[in-house]
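Below are the chains, spelled out letter by letter.
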Amino acid sequence: INLSPSTLSTGGGFNNARMSLETVVVMAHAMGRTLVMPPSQGIYLLRKDRDKQRVHFSFKDDFYHMEQISYEHAGLDIISTEEFLQAEAMTGRLRNKTSGT
């Protein structure tokens, strides 16, 4: 399950992004799937004063202790986009189910 970057960058603010994160964490755990976290990015309304403050954030590193959540809940695996790409795309295992390419 992939938490879409568009949810975080163009959504209705931090609370909507937080609720989206909580939903996909519960879904990934309930279905026994690995949660792929998006890379650090600008989050809607938290990037308003670009000249005055940091504008790129990561839910995995800046807002939640995702490693601790994963540790406390057996069966919940959380990885970064970079880890997913290294494990799947770079090894040639990421293929189109329809065409096989």
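Before any of the text, the structure's been laid out above.
Definitions and limits used
- Residues numbered from 1 in each chain as written.
- Predicted model: local features only at pLDDT ≥ 70, side-chain atom pairs only at ≥ 80, totals over all residues.
- Heavy atoms only, no water.
- Helix = DSSP H or I, 4+ residues; strand = E, 2+ residues; numbered from the N terminus.
- Buried < 20%, exposed > 50% of the residue type's maximum accessible area, 1.4 Å probe, protein only.
- Contact = heavy atoms within 4.5 Å.
- Areas by Shrake-Rupley, 256 points an atom, 1.4 Å probe, with all protein chains shown as cover.
- Salt bridge = Lys/Arg side-chain N within 4 Å of Asp/Glu carboxyl O.
- Polar contact = N/O pair within 3.5 Å; in protein donor to acceptor, adjacent residues only side chain to side chain.
- Core = buried A, V, L, I, M, F, W, Y, C linked by side-chain atoms within 4.5 Å.

Across its full length, the chain carries five helices and four strands. Along the chain, helices and strands appear, N-terminal first, in the series α-α-β-β-β-α-α-β-α. Across the 101 residues that make up the chain, the buried fraction comes to 27%. Counting only contacts in the chain whose residues sit at least 6 apart along the sequence, the fraction spanning at least 24 positions is 58%. Surface summary for the chain: the accessible area is close to 6,900 Å², and the carbon and sulfur share equals 53%.

This model, assessed by the stated rule, comprises one salt bridge. Across the pair Glu 88 and Arg 93 runs a salt bridge, and its minimum N-O distance is 2.7 Å. Residue class for Arg 93 comes out exposed when judged on its relative accessible area of 56%.

Residue placement: His 29 occurs in helix α2 (residues 14-31). His 29 gets classed as partly exposed once you look at its relative accessible area, which sits at 35%. As for His 29 and Gly 75, which are separated by 46 residues in sequence, their C-alpha atoms are 6.4 Å apart. With near-sequence residues (within four places) excluded, His 29 lies in contact with His 73, Ala 74, Gly 75 and Leu 76. Side-chain polar atoms of His 29 contact the backbone oxygen of Ala 74, separated by 3.1 Å.

In this section: the nonpolar core. Leu 21, Val 24, Val 25, Ala 28, Leu 35, Met 37, Met 66, Leu 76 and Ile 78 form the largest nonpolar core, which has nine residues in total. Ranked by residue count, the leading element in this core is α2, at four residues.

One can find Ile 78 in strand β4 (residues 77-80). On the basis of relative accessible area, Ile 78 is assigned to the buried category, the value being 14%. Along the chain, Ile 78 and Val 25 lie 53 residues apart, while their C-alpha atoms are 8.7 Å from each other.

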